[in-house]
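# Overview (structure and organization)
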Amino acid sequence: IVMSDVIAKKLLLQPLNTLAVCVMTPAIVLSAVMNAYRGYFEGMGTVIPTTISRILEQVFALCFGLIFGKIFYNYGEKIGNLVQNPNYAPAYAVVGIIAGIIAAQVLILMFFMFLNRVYARSLKKQMNNDNSKIQDSYAEIIRGIVISGFPYMLNTILIQGAVFVDMMIYMH
């Protein structure tokens, strides 16, 4: 969020994208949390939640992205008419698309929290049956999460960045 102005103006060469860069920040954080849940369930020996969540995330992101993109485009069009700058409409459309992606991520996060509640007893029973004597420290666990989550965060940044590349191509 701190560097959004610099990123939009200097890197993307689109000053109107400052808001879009700011809005993208929560999407990156939510992506890391979702991937931690995915890794948690995969570590417990099931890939079904990961598979279902990935499919639902894409469907929700598409639907919400289109809906929010259109709503924000219309709003940007009104602002553009007021300030006599037609570039506000596509800039706000990008904000809407990213908001749609965030809405999809929030729903998937709620899905994971629900699954965690549903499977809590069976997972606790599985942990009690574990006979290993070695326990990782919290620092080792956090380090492992950060290291394993980095490729997913990088992937999210690149995918979300595609929205900006599309907009740069469209606006020039």
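In short, a report on the structure. All figures in this text were calculated on a predicted structure; none of them were measured in a lab.

Further remarks concern the overall build of the chain. Counting secondary structure elements, the chain contains six helices and zero strands. When the helices and strands of the chain are read in sequence order from the N terminus, they spell out α-α-α-α-α-α. A total of 172 residues make up the chain; the buried ones form 33% of that total. Of the contacts formed within the chain by residues at least 6 apart in sequence, a portion of 75% connects residues at least 24 apart. Put simply, the chain shows about 11300 Å² of open surface, and 68% of that area lies on carbon and sulfur atoms.

It is worth spelling out the packing of aromatic side chains at this point. What the rule picks out here adds up to eight aromatic pairs. Note on Phe41 and Phe112: the rings are 5.9 Å apart at their centroids and 20° apart in plane angle, and the pair reads as stacked. With a gap of 71 residues between them, Phe41 in helix α2 (residues 18-43) and Phe112 in helix α4 (residues 88-118) connect regions that are remote in the sequence.

The next thing to look at is the side chain of Ser53. Examined against the element boundaries, Ser53 turns out to sit in helix α3 (residues 48-83). Those residues in contact with Ser53, other than ones at most four positions away along the chain, are Arg38, Ile108, Phe111 and Phe112.

With that out of the way, let us pick up the nonpolar core. Ile98 and Phe112 are the most contacted members of the largest nonpolar core, which has 16 residues in total. Breaking this core down by element, the ones donating at least two residues are α2 and α4. The residues contacting Phe112, other than those within four sequence positions of it, are Met34, Tyr37, Arg38, Phe41, Pro49 and Ser53.

Attention shifts here to the pattern of salt bridges. Applying the stated criterion across every chain, the model contains one salt bridge. The salt bridge involving Glu57 is made with Arg38; its shortest N-O contact spans 2.7 Å. Note that Glu57 is positioned in helix α3 and Arg38 in helix α2, a separation of 19 residues in sequence. The pair Glu57 / Arg38 is uniform in exposure class, with both members buried.

About the criteria used
- Residues numbered from 1 in each chain as written.
- Predicted model: local features only at pLDDT ≥ 70, side-chain atom pairs only at ≥ 80, totals over all residues.
- Heavy atoms only, no water.
- Helix = DSSP H or I, 4+ residues; strand = E, 2+ residues; numbered from the N terminus.
- Buried < 20%, exposed > 50% of the residue type's maximum accessible area, 1.4 Å probe, protein only.
- Contact = heavy atoms within 4.5 Å.
- Areas by Shrake-Rupley, 256 points an atom, 1.4 Å probe, with all protein chains shown as cover.
- Phe/Tyr/Trp six-rings, centres within 6.5 Å; stacked < 30°, edge-to-face > 60°.
- Core = buried A, V, L, I, M, F, W, Y, C linked by side-chain atoms within 4.5 Å.
- Salt bridge = Lys/Arg side-chain N within 4 Å of Asp/Glu carboxyl O.

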